[in-house]
Amino acid sequence: MESHNARAAPGADASLARAARLSHYARRLIEAQSPSGLDAGIGRPFTAEEMRAALAARPAADPDGLQRALRALRKQVMLRLIARDLGGTATLSEVMGTATALAEVAIGHALARLDEWLAAQHGTPVGAASGRAQQLHVVGMGKLGGAELNVSSDIDLVFVYPEEGETRGPRPISNHEYFTRLGRQLIAALSEITADGHVFRVDMRLRPYGEGSPLAASFDMLENYFVTQGRDWERYAWIKARPLTGDRAAELLDLARPFVYRRHLDYGAFASLRDLHRQIRREVERRDLFDNIKLGPGGIREIEFIAQVFQLIRGGREAELRTQPTLSVLPLLAEKSLLPRAAVDELAAAYVFLRNLEHRLQYLDDQQTHVPPPSEADRALVAEAMGARDYAALAAALEAHRSRVTRHFEEIFATSPGGEHALAHLWQEGADGEKAAGALAALGFQRPQAVAGRLKGMRAAGRYREMPAASQSRLDRLVPMAIEAAAAERDPDATLERLLDLLDSVSRRGSYLALLEEYPQSLSRLAAMMSASPWVAQYLTQHPILLDELLDARTLYGTPDWPAAARDLRAQMADAAGDTEKGMDILRHFKHAHTLRLVAQDLSGALPLETLSDHLSDLACVVLEEVLRAAWPLRPAHRTEPRFAVIGYGKLGGKELGYASDLDLVFLYDDPAPEAAESYARFAQRINNWLTSLTPAGVLYETDLRLRPDGAGGLLVSPLESYRDYQTKHAWPWEHQALTRARFVAGDPGIGAEFERLRVAILRERRDRAVLLREVAAMRRKLLEGHPNPTALFDLKHDRGGLIDVEFVVQFLVLGHAHAHAALTGNIGNLALLKLAARLGLITERRAQAAHDAYRRLRQLQHGLRLQGEKYARLAPDAVTAERRAVRELWEEVMGDSSD
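Colleague: Explain the overall build of the protein to me, please; I cannot follow it from the model alone.
Modeller: Scanning the protein from terminus to terminus reveals 38 helices and 14 strands. In terms of its C-alpha atoms, the protein occupies a principal-axis envelope of roughly 110 × 80 × 60 Å. The proportion of buried residues among the 900 residues of the protein is 54%. The long-range fraction of contacts in the protein, counting pairs at least 24 apart against all pairs at least 6 apart in sequence, stands at 74%.

This is the structure in structure tokens:
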């Protein structure tokens, strides 16, 4: 098979001769034209500008003249297009683009003339509410909307106008009547068959309420239809809707978008498109259309369905997927790991092959056909036009492409295996309680009677009884699968309890049930994660939108790419510009999604705790940077970009964030403008509001802003010079301790660099070590008193011999010795600083290593207890005897008996 890529154009005569031989329609066009004009322009594509110029050269005084001009233009365009395509100089993109441009130009030109003539009779239509002049918005649907029209296609149109009202002229009529008449005249101008043929057949059946309904609809009528009557297949159709005329197209698209694209992930789209495909298959069988390369198995429509199901599922959240041409959507599916790259490549190659073949079938006689011609002679022409050796070779290549498309389609839209699940009897109404308990015990459940009671109670509850029938059927299929998945885990009783809590919480949200049913492997991953951690189970139950993250193991367990993640977040936030609520939800979902990926890797043992904390800290920095971007456009704004920086303290500053850690933040600015103080105070308040506001997606981060100069009573944001003055002259010793774990995390890098220079200078000040020791020890006693432990358990963080003891020792070593050892000012973490202090001879190697290992182990235990949902990180003292001893010995070596 030869490629249909563009190459150097052969002579016009050769191109025309080949076109005449391979296309009966082209031969008729050539025979009807004068020889002198045949080769004009064949060396270049027929552009929209050239089409408009051709129409301008034939001004029409009445509808008949308009029809003649439009049909003459079509013949010119089609002859050149056929010659270029069959001559090998036009790409598929050019062919589809030229056919689309012809439709757009013809519609735009005809509508302008017809509107002018109709307005002369009735006046301009005006909106009753706004008093504005109204225009007809012609919406291109299907391949016209997608700018991928074929050469002998119908065009699917919808006519919409903004407002009701009436015309202002000599013979007033309602806007509805005006636009209905205008629409009828446009259809006639394009589709009436005259002595010169037609321009395009027009199909209006995609309008609201379909055939037999009003030809034109107002925006309000269309919106009401979407809300009350719109069906799933119409969402699929409106993916490609594109206004071709009208001055309020953006408003129209905003109106349609919520109908087409759900704000949540819409996995119910699989079932909807599967049903639509089933209807098409039945029609194919009834009409014996198996050879149809558009509707038959492995045809163009199946490729379009594959692209569009992912658009329907994710387009509400990912604006890039709202692009309309199929060949633009397919690569995105690979880029977003929704389909394997090899599958996308095969689908794209099949689409190009099938569309090229479609055009060559239609070139024969200018007929809208998608089946091979019956005559052997015509089949030979099509084979030659496709670059095949003969028709048998073409048929073999076609079958190979269609087989690949069918395989991918069936993999994506595969239905669950037929028949009832083996455990369905445990969920069915009227199940025998004793038998159910016995079966559950055999599966490994430790409290089978309680589990059977929970299942019976869930089925009898009003929530289940009131579910829509489709969701109820899905839940009926999912519960036995959940029982099976839980039985495979270490603690099946707890795992099933957590799974049922999740299913119960999402039971009225059909899209989540659809997701779990369409991707049963996600239920197994869900069971494994919920079994490992009740905290994770609660997290997923609170944020079921995260179930989508379980689908692709490559993404779930992939190493984070924070620069790429930041770019993706920025693109999503740009799409939500001006919508604060949507922007807040995007940020929260971004944080939750990446947190869940880290949880999955954490539970699998793939992430050391230190690496996990680094990633959680990087995630916070990405989010903070985007929050600054979202919060800055103050009104009025005294500068384009803020001279503002966010400093992270505590766990964020030291890169030791956990899953539920607060962010300790300080805000600085460096701006001499008179209004700077007020502007940046407002800015800081907005930042904190973006972070801490509770939305349906939860809270982004809790914040602690008390580490700013003068604490909670101080200004929310500090000028850099005031901060410098405070730190050098007025700060308490504990505030310099806090600086050992502070770093620039977001905002203006210049201010961040100034902060780092100040931080290092303060840490390197020479201090009286005896005074410093008393101050650090006193602060340690104060913290201990502030966190009393009334239990017999050991508090891993706060008790003597715990994490805070190690952190205070490290801070003492930094403040006491950094004047002589600049490396101690590095924000490298407590573990690395312990080893550095040993290398510098500040503590013994043995003590440093023992404390290093103890600190790491205590953090791991603390982390594990958090995953188990424990409020306090406390264990029996004898579980950490060695670790406590190592920490106390480190304290005694460095701090002496100052703990008393």
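Colleague: How should the pattern of salt bridges be read in this particular structure?
Modeller: Opposite charge on two side chains makes pairing possible when the charged atoms of those side chains draw close. Applying the stated rule across the entire model yields 56 salt bridges. When the shortest N-O distance is used, the salt bridge between Arg-242 and Glu-104 registers 2.6 Å. With Arg-242 in strand E7 (residues 242-243) and Glu-104 in helix H5 (residues 92-122), this pair connects stretches of sequence that are 138 residues apart. Accessibility expressed as a relative area gives 21% for Arg-242, which makes it partly exposed. One network of salt bridges, with partners in common, ties together Arg-314, Glu-318, Glu-320, Lys-336 and Asp-548.

Colleague: For this particular structure, what's the right way to read the packing of aromatic side chains?
Modeller: Any pair of aromatic rings gets described here by the distance separating the centres and the angle formed by the planes. In this structure the tally under the stated criterion is 18 aromatic pairs. Ring geometry for Trp-632 versus Phe-683: centroids 4.9 Å apart, planes at 75 degrees, classification edge-to-face. Residue Trp-632 is located in the loop between helix H28 (609-631) and strand E8 (644-649), and its partner Phe-683 is located in helix H30 (residues 676-692); the two are separated by 51 residues in the primary sequence. Cluster of aromatic residues (ring-pair linked, three or more members): Trp-632, Phe-644, Phe-667, Tyr-669, Tyr-680 and Phe-683. Above the plane of the ring of Trp-891 lies Arg-800, whose end atom (NZ or CZ) is 5.1 Å from the centre. One residue, Arg-884, lies across the ring of Phe-794, its end atom 5.1 Å from the ring centre.

Colleague: Looking at this structure, I do not really get empty space enclosed by the protein. What am I missing?
Modeller: Over the atoms a probe the size of a water molecule is rolled, and this reveals where empty space is left. Applying the stated criterion to the full structure yields 6 cavities of 30 Å³ or more. Estimated volume of the largest cavity: approximately 80 Å³. Secondary structure elements with two or more residues in the lining of the largest cavity: helix H35 (803-817) and helix H36 (830-839). The residue inventory of the lining of the largest cavity, partitioned by class, reads 3 nonpolar, 7 polar and 2 charged.

Colleague: Is there a simple way to think about helix H8 (residues 219-228) in this case?
Modeller: For an α-helix, 3.6 residues make a turn, and residues three or four places apart therefore share a direction. Listed in full, the buried residues belonging to H8 are Phe-219, Leu-222, Tyr-225 and Phe-226. The buried residues of H8 occupy one face: seen down the axis, they fall within an arc of 125 degrees. Opposite its buried face, H8 presents the exposed residues Asp-220 and Val-227, each directed more than 90 degrees away. Taken together, the buried residues of H8 touch strand E2 (137-140), strand E3 (155-161), strand E6 (216-218), helix H9 (232-238) and helix H10 (249-260).

Colleague: Looking at this model, I keep getting lost on the nonpolar core. Mind explaining?
Modeller: One recurring pattern in soluble globular proteins is that nonpolar side chains are buried together. Among the nonpolar cores identified, the biggest contains 189 residues, and Trp-238, Leu-503, Leu-526 and Phe-644 are the most heavily contacted of them. Filtering out sequence-adjacent residues up to four positions away, Trp-238 remains in contact with Val-139, Met-141, Val-158, Leu-206, Leu-222, Phe-226, Ala-256 and Val-260. Residues Tyr-723, Leu-803, Tyr-855 and Leu-858 belong to the second largest nonpolar core, which totals 55 residues.

Colleague: So what exactly am I meant to see when it comes to the packing of helix H14 (residues 341-365) against helix H15 (residues 376-385) here?
Modeller: Each packed pair of helices is defined by two parameters, the angle between the axes and the distance between the axes. Relative to each other, H14 and H15 sit at 135 degrees, their axes nearing to 10 Å. With respect to H15, the element H14 is oriented oblique. Seen along the crossing, H14 lies across H15 with a hand that is right-handed. Taking contact as the criterion, the partners of Leu-357, Arg-360, Leu-361 and Leu-364 in H14 are, on H15, Asp-378, Leu-381, Val-382 and Ala-385. Here the contact of H14 with H15 is built from residues that sort into 6 nonpolar, no polar and 2 charged.

Colleague: Even after reading the chapter, I still don't get the packing of helix H2 (residues 24-32) against H14, so can you show me in this structure?
Modeller: One way to put it is that H2 packs onto H14 with a least axis distance of 4 Å and a crossing angle of 45 degrees. As summarised for this structure, H2 and H14 are arranged oblique, according to the angle between their axes. Contacts between H2 and H14 involve His-24, Tyr-25 and Arg-28 from the former and Tyr-363, Leu-364 and Asp-365 from the latter. When grouped by side-chain class, the residues that make up the contact of H2 with H14 number 3 nonpolar, 1 polar and 2 charged.

Colleague: Teacher, can you tell me more about the pairing of E3 here?
Modeller: Strand residues, when the strand is regular, have side chains that alternate between the two faces of the sheet. With 6 of 7 residues buried, E3 lies mostly within the body of the structure. With 4 bridges joining them, E2 and E3 adopt antiparallel strand pairing. Residue pairing for E3: Gly-140 is matched across the bridge by Leu-157. In terms of strand pairing, E3 meets strand E5 (residues 202-203) through 2 bridges, oriented parallel. The residue bridging Asp-156 from the neighbouring strand is Asp-203, located in E5. Here 3 bridges tie E3 to E6, and the two strands are oriented parallel to one another. The partner of Phe-159 across the bridge, within E6, is Ala-216.

Colleague: How should the side chain of Arg-588 be read in this particular structure?
Modeller: Within the fold, Arg-588 resides in helix H27 (residues 580-603). Despite its burial, Arg-588 pairs with no opposite charge, the nearest such side chain being Asp-585 at 5.4 Å. Looking at Arg-588, its side chain comes within polar contact range of the main-chain oxygen of Ser-693, at 2.8 Å.

Colleague: Explanation requested: the environment of Val-199 in the structure shown.
Modeller: You can see Val-199 is positioned in the loop between helix H7 (175-191) and E5. Exposure remark for Val-199: the relative accessible area of 1% places this residue in the buried category. Residues Val-199 and Glu-320 lie 121 residues apart in sequence; the distance between their C-alpha atoms is 33 Å. Excluding residues within four positions of it along the chain, Val-199 makes contact with Leu-70, Arg-71, Arg-74, Ala-106, Ala-189 and Leu-190.

Colleague: Looking at this model, I keep getting lost on the side chain of His-137. Mind explaining?
Modeller: In this fold, His-137 is placed in strand E2. A relative accessible area of 0% places His-137 in the buried class. Polar contacts involving the side chain of His-137 include one to the main-chain amide nitrogen of Arg-248, which spans 2.9 Å. Sequence-distant contacts of His-137, that is, excluding residues within four places in its chain, are made with Val-158, Phe-159, Val-160, Pro-162, Phe-219, Thr-245, Gly-246, Asp-247, Arg-248, Ala-249 and Leu-252.

Colleague: Please explain unusual backbone geometry as it appears in this structure.
Modeller: Comment: phi is negative for the bulk of residues other than glycine, and the bulk of peptide bonds are trans. In this structure, Tyr-209 takes a positive phi of about 70 degrees despite not being glycine. One can find Tyr-209 in the loop between E5 and E6. Judged by its relative accessible area of 41%, Tyr-209 falls in the partly exposed class.

Colleague: I keep staring at the confidence of the model for the protein and nothing clicks. Help me out?
Modeller: Parts of the model with low pLDDT should not have their predicted coordinates read in detail. In this model, the protein carries a mean pLDDT of 91, and residues with pLDDT of at least 70 account for 97%. When mean pLDDT is taken per element in the protein, E2 scores highest with 98 and helix H11 (residues 268-286) scores lowest with 75. Counted against residues more than four places away or in other chains, residues 1-10, with its pLDDT under 50, gives 28 contacts.

Colleague: Would you mind showing me how to read the environment of Leu-551 here?
Modeller: Tracing the sequence through the fold places Leu-551 in the loop between helix H24 (534-542) and helix H25 (553-556). The class of Leu-551 is buried, set by a relative accessible area of 13%. Sequence separation of Leu-551 and Pro-520 is 31 residues, and the distance between their C-alpha atoms is 9.1 Å. Setting aside chain neighbours within four positions, we find Leu-551 in contact with Tyr-267, Leu-515, Tyr-519, Gln-521, Ser-522 and Arg-525.

Colleague: What am I meant to see in the environment of Leu-81 here?
Modeller: On the secondary structure map, Leu-81 appears in helix H4 (residues 63-86). Leu-81 gets classed as buried once you look at its relative accessible area, which sits at 3%. Separated by 333 residues in the primary sequence, Leu-81 and Ala-414 place their C-alpha atoms 40 Å from one another. Sequence-distant contacts of Leu-81, that is, excluding residues within four places in its chain, are made with Glu-94, Val-95, Thr-98, Val-151 and Tyr-363.

Colleague: How do you make sense of H7 when you look at a structure like this?
Modeller: Compared with an ideal rise of 1.5 Å per residue, which puts 17 residues at 24 Å, H7 spans 24 Å between its outermost C-alpha atoms and is within 8% of the ideal. Along H7, the residues that are buried comprise Asn-175, Tyr-178, Phe-179, Thr-180, Leu-182, Gly-183, Leu-186, Ile-187, Ala-189 and Leu-190.

Here is what the cut-offs are and how they apply
- Chains are numbered independently. Their residues run from 1 in the order of the written sequence.
- In keeping with the model being predicted, local features are shown solely for residues with a pLDDT of at least 70 and side-chain atom pairs are shown and tallied solely at 80 or more, while totals for entire chains, interfaces and linings include all residues.
- Side-chain numbers here rest on the full set of heavy atoms in the structure, without hydrogens or water.
- The helix count covers DSSP runs of H or I at least four residues long, the strand count covers runs of E at least two residues long, and both are numbered beginning at the N terminus.
- Relative accessible area decides the class of each residue, using a 1.4 Å probe on protein chains only: under 20% of the type maximum gives buried, over 50% gives exposed, and in between gives partly exposed.
- Contact definition: two residues touch when any of their heavy atoms are within 4.5 Å.
- Between Lys or Arg on one side and Asp or Glu on the other, a salt bridge is scored when a side-chain nitrogen of the former is within 4 Å of a carboxyl oxygen of the latter.
- Any two rings among Phe, Tyr and Trp, with Trp reduced to its six-membered ring, count as a pair given centres within 6.5 Å; such a pair is stacked if its planes are under 30 degrees apart, edge-to-face if over 60, and tilted if neither.
- Whether a charge sits over a ring comes down to the Lys NZ or Arg CZ being within 6 Å of the ring centre and within 35 degrees of the ring normal.
- Of the grid points, spaced at 1 Å and generated over the protein atoms alone, those admitting a 1.4 Å probe that cannot get out make up cavities, while open sets with protein on both sides within 12 Å along at least five of seven lines make up pockets; any residue with an atom within 4 Å of a point is treated as lining.
- Grid points are joined across faces, edges and corners, and a volume is the space filled by probe spheres set on the points.
- Polar here means any residue outside two lists: the nonpolar Ala, Val, Leu, Ile, Met, Phe, Trp, Tyr, Cys and Pro, and the charged Asp, Glu, Lys and Arg; Gly therefore counts as polar.
- Each C-beta atom gives one direction from the helix axis, and the arc is the one those directions make.
- To define a nonpolar core, start from buried Ala, Val, Leu, Ile, Met, Phe, Trp, Tyr and Cys residues and group those joined through side-chain atoms within 4.5 Å.
- Here the axes come from fitting lines to C-alpha atoms, over the contacting stretch only for helices, and the angles between their N-to-C directions go from 0 to 180 degrees.
- Any angle between 65 and 115 degrees counts as roughly perpendicular, while under 35 counts as roughly parallel, over 145 as roughly antiparallel, and the rest as oblique.
- Note on convention: near helix rotated counterclockwise from far helix by under a right angle means a left-handed crossing. Clockwise means right-handed.
- At least two DSSP bridges between two strands are required for those strands to pair.
- Note that His is not counted, nor are the chain ends; the positive residues are Lys and Arg, and the negative ones are Asp and Glu.
- By the criterion applied in these results, polar contacts are pairs of N or O atoms within 3.5 Å in which, for protein atoms, one can donate a hydrogen and the other can accept it, and in which residues neighboring in sequence qualify only through two side-chain atoms.
- For every residue, the predictor states its confidence as a pLDDT score lying anywhere from 0 to 100.
- Between the first and last residue of a helix there are one fewer steps than residues, each counted as 1.5 Å, and that sum is the expected span.

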